[in-house]
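Residue strings, one per chain:
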Amino acid sequence: MLDWIKVFERLEELENVPALWRAGQDASLQWLRDMLSCQQGVLIADEVGLGKTRLAIALAACVANCGGRVAIVIPPGLTYQWRDEELAGFVRQASDLGVQWLKIWRPETRLLRTFRDLFTTGKGFPLSEHASITFISHTFGLPRTETAKRPELWALPFMLKKELVDGRQVRGAGKLIISEFQADAVQWLLKNGTSSSLGRVSTELLGKPSPDAFSDGANRELFEDLVGQLVGQFDLIIIDEAHKSRAGDDATKKEKAAETTRMSRLSRLLKYIVLRRGAKRTRAAKRVALTATPMEMDASQWVTIFNRIGLDSERVLNLKEVVTAFEKATRGLRVGSDVELRDLRSAASEFSAKLKSLVTRRLWRDDPMVRRFAEASGSASAAHPHRQLIHRVQQLDGMSGRDRTYLALTEVLSAAARGADTTFEVKTTGSRFSQALPILPVSPDAA
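Being a predicted model, the structure only gives us computed values, none of them experimental.

I keep staring at the overall build of the protein chain and nothing clicks. Help me out?
A tally of regular secondary structure across the protein chain gives 17 helices and 9 strands. Of all 447 residues assigned to the protein chain, the portion counted as buried reaches 49%. Sequence separation of 24 or more characterises 73% of the internal contacts of the protein chain that already satisfy a separation of 6 or more.

Okay, structure coming up:
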């Protein structure tokens with residue numbers, strides 16, 4: 001069993017290395033330590049660029065170094081950034097700054113982006129026992145029915161059933177071909193699978209061996225449970241972009257209309273794979289959710305967050321009333337009447353008081369450097385003084401080679417973020433550090 005006292009001691013040691021932190025991150029770490037010592041989960045809701053990822057990585061490193069297992073659930077486009085930039089960079093910097101336990105330790109990691117990755121690690125099962133930190137994409141899970149053409153993407157339950165019962169009861173399974181590592185997974189499940197899942201595989205009608213079998217909700221959940229057992233269990237779950245709770249635009253019309261696929265892939269991943277019913281260790285794990293847009297969330301998204309950080313049903317219901325009242329008050333603000341403002345102040349006060357122990361949020365406007373800028377520029381009352389649009393023409397031939405390189409890189413980032421559509425007028429730079437400094441395009445005539 002993980003010794004959380006030791007984890008918090010490690011975290012406190014990191015807090016006391018000033019060069020590792022900026023903009024109040026050390027205070028957030030202390031808050032994180034205090035809150036997680038007395039409850040299961042919290043939400044880090046700092047503005048973009050203030051270092052939510054680094055806070056989560058620091059906690060993950062402490063847990064992993066103490067022998068715990070960490071699952072970091074992240075959007076698909078950020079998997080390598082979290083692993084190769086954030087984690088590797090943090091460990092290297094802390095080691096260089098003299099943190100002794102990081103000088104001799106390097107975490108072993110695994111990356112699960114799609115279903116195939118479950119069978120390409122070259123290690124045994126469950127995967128969590130062979131890696132201290134497992135990065136799991138929001139999109140990890142069962143393949144989509146219409147794209148799962150090869151047996152290796154859907155044959156696992158049928159091959160398992162073939163081993164559990166008379167093979168003749170699973171017509172067509174004898175012709176299926178799966179990888180050697182998948183065959184190892186079948187054998188591992190035979191020996192280590194939960195009795196409930198093995199019983200269901202043995203007795204329930206999976207249908208004809210084909211990907212269509214998982215259009216059935218019960219079969220799909222059974223398959224996801226088996227996948228969850230192969231992934232393993234964890235002591236800490238970190239969920240980035242944790243407010244996402246709806247099926248994305250990539251879902252087909254058929255999927256959106258089907259009851260079994262209405263929830264987002266992230267919701268299915270968490271409910272049926274990571275936090276599956278039999279995963280007692282994981283369901284008791286500490287949880288840290290991350291989002292940069294808490295004030296843009298509606299009440300239903302707040303409830304999703306509350307459930308994902310492990311709050312009990314009674315507390316979720318109580319908090320649902322609070323966030324619903326706050327949403328109603330903000331949406332009801334029309335003319336700024338005394339009644340509207342009174343209702344908003346009351347709802348906001350209740351909102352702040354009830355969520356204080358669950359949510360930490362740092363804002364750029366509170367940073368000393370931004371405050372000095374706001375005062376000097378006469379924009380102290382602005383919500384985002386550092387995002388002022390300053391019109392200026394910068395001639396390319398007057399820029400240094402270094403600045404021209406930065407310009408080119410930020411243009412590339414901007415284009416990639418918009419799907420290579422560069423027709424919009426104002427492009428945002430500094431996305432890594434959230435300075436939000438705009439670049440106005442220079443037309444050929446102006447140049």
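So, next bit.
Would you mind going over unusual backbone geometry with me for this structure?
Backbone torsion omega between F125 and P126 reads -10°, so that peptide bond is classified as cis. In this structure, P126 sits in the loop between β3 (109-112) and β4 (133-137). A positive phi angle is found at A23, which is not glycine, with a value near 50°. As for its placement among the helices and strands, A23 is situated in the loop between α1 (4-15) and α2 (25-36). Overall, A23 belongs to the partly exposed group, its relative accessible area being 26%. Although it is not a glycine, E241 sits at a positive phi angle of roughly 50°. Here E241 lies in the loop between β5 (236-239) and α10 (253-257). A residue is classified by how much of its surface remains accessible, and E241, at 24% relative accessible area, is partly exposed.

Would you take a moment to explain the packing of helix α14 (residues 313-331) against helix α15 (residues 338-355) for this structure?
The description of two helices packed together rests on the angle between their axes and the distance between the axes. One way to put it is that α14 packs onto α15 with a least axis distance of 9 Å and a crossing angle of 145°. You can see that α14 and α15 cross each other, and the crossing is left-handed. Counting all contacts with α14, which are made through L319, V322, V323, A325, F326, A329 and T330, the residues of α15 involved are D343, L344, A347, A348, E350, F351, K354 and L355. Class assignment for the residues of the contact of α14 with α15 results in 11 nonpolar, 1 polar and 3 charged.

Is there a simple way to think about the environment of P75 in this case?
By secondary structure assignment, the location of P75 is in the loop between β2 (70-74) and α4 (79-96). Between the C-alpha atoms of P75 and T139, which are 64 residues apart in sequence, the distance is 7.5 Å. What P75 contacts, discounting residues up to four positions off in sequence, is S137, H138, D240 and E241.

Explanation requested: the side chain of S267 in the structure shown.
Relative to the elements of secondary structure, S267 occurs in helix α11 (residues 265-274). S267 sits in the buried class, given a relative accessible area of 13%. In terms of polar contacts, S267 uses its side chain to reach the side chain of R308, at 2.8 Å. The residues contacting S267, other than those within four sequence positions of it, are S245 and R308.

Help me understand the pattern of salt bridges, please; the structure alone is not making it clear to me.
Taken as a whole and assessed by the stated rule, the structure comprises 14 salt bridges. Among the salt bridges present, the one from R200 reaches E204, with a minimum N-O distance of 3.0 Å.

Any chance you could explain the packing of α1 against helix α3 (residues 52-65) here in plain terms?
Taken N-terminus to C-terminus, the directions of α1 and α3 make an angle of 135°; their axes are 9 Å apart at the nearest point. As far as their axial angle goes, α3 and α1 are oblique. Where α1 crosses over α3, the handedness of that crossing is right-handed. Counting all contacts with α1, which are made through W4, V7, R10, L11 and L14, the residues of α3 involved are A58, L59, C62, V63 and N65. Of the residues assigned to the contact of α1 with α3, the class counts are 8 nonpolar, 1 polar and 1 charged.

Got a minute to help me understand the packing of aromatic side chains in this structure?
Each aromatic ring pair is characterised by the separation of its centres together with the angle its planes make. One pass over the full model with this rule turns up 13 aromatic pairs. Taken together, a centroid distance of 4.7 Å and an interplanar angle of 45° make the contact between F214 and F223 tilted. For F214, a relative accessible area of 6% gives the class buried. For F223, a relative accessible area of 1% puts it in the buried group. In this structure an aromatic cluster arises from ring pairing among F115, F119, F125, W154, F158, F181, F214 and F223. Just above the ring of W4 sits the side chain of K286; from NZ or CZ to the centre is 5.8 Å.

Mind showing me how you'd approach helix α9 (residues 217-231) here?
In an α-helix, one turn spans 3.6 residues; hence positions three or four apart end up facing the same way. In this model, α9 (15 residues) spans 21 Å end to end at C-alpha, consistent with the 21 Å of a helix rising 1.5 Å per residue. Counting buried residues along α9, 13 of its 15 residues qualify, which places the element largely inside the surrounding structure. Where α9 begins, the capping side chain belongs to D216, and its oxygen is found 3.1 Å from the backbone nitrogen of A218. Backbone geometry just after α9 places G232 at a positive phi near 110°.

So what exactly am I meant to see when it comes to the sheet that holds β2 here?
In any sheet, the strands associate via hydrogen bonds between backbone groups, in a parallel or an antiparallel arrangement. Strand order in the open sheet formed by 7 strands is β3-β4-β2-β5-β6-β1-β7, and the pairing between neighbours is parallel. The open sheet has two edge strands with one neighbour each: β3 and β7 (359-360). One ladder, built from 4 bridges, connects β3 with β4; its direction is parallel. In the sheet register, R110 faces β4, and the bridge partner there is T134.

Definitions and limits used
- Residues numbered from 1 in each chain as written.
- Predicted model: local features only at pLDDT ≥ 70, side-chain atom pairs only at ≥ 80, totals over all residues.
- Heavy atoms only, no water.
- Helix = DSSP H or I, 4+ residues; strand = E, 2+ residues; numbered from the N terminus.
- Buried < 20%, exposed > 50% of the residue type's maximum accessible area, 1.4 Å probe, protein only.
- Contact = heavy atoms within 4.5 Å.
- Axes fitted to C-alpha atoms, helices over the stretch in contact; angles between N-to-C directions.
- Left-handed = near helix turned anticlockwise from the far one by under 90°.
- Nonpolar A, V, L, I, M, F, W, Y, C, P; charged D, E, K, R; others polar.
- Polar contact = N/O pair within 3.5 Å; in protein donor to acceptor, adjacent residues only side chain to side chain.
- Salt bridge = Lys/Arg side-chain N within 4 Å of Asp/Glu carboxyl O.
- Parallel < 35°, antiparallel > 145°, perpendicular 65-115°, else oblique.
- Phe/Tyr/Trp six-rings, centres within 6.5 Å; stacked < 30°, edge-to-face > 60°.
- Lys NZ or Arg CZ within 6 Å of the ring centre and 35° of its normal.
- Expected span 1.5 Å × (residues − 1).
- Pairing = 2+ DSSP bridges.

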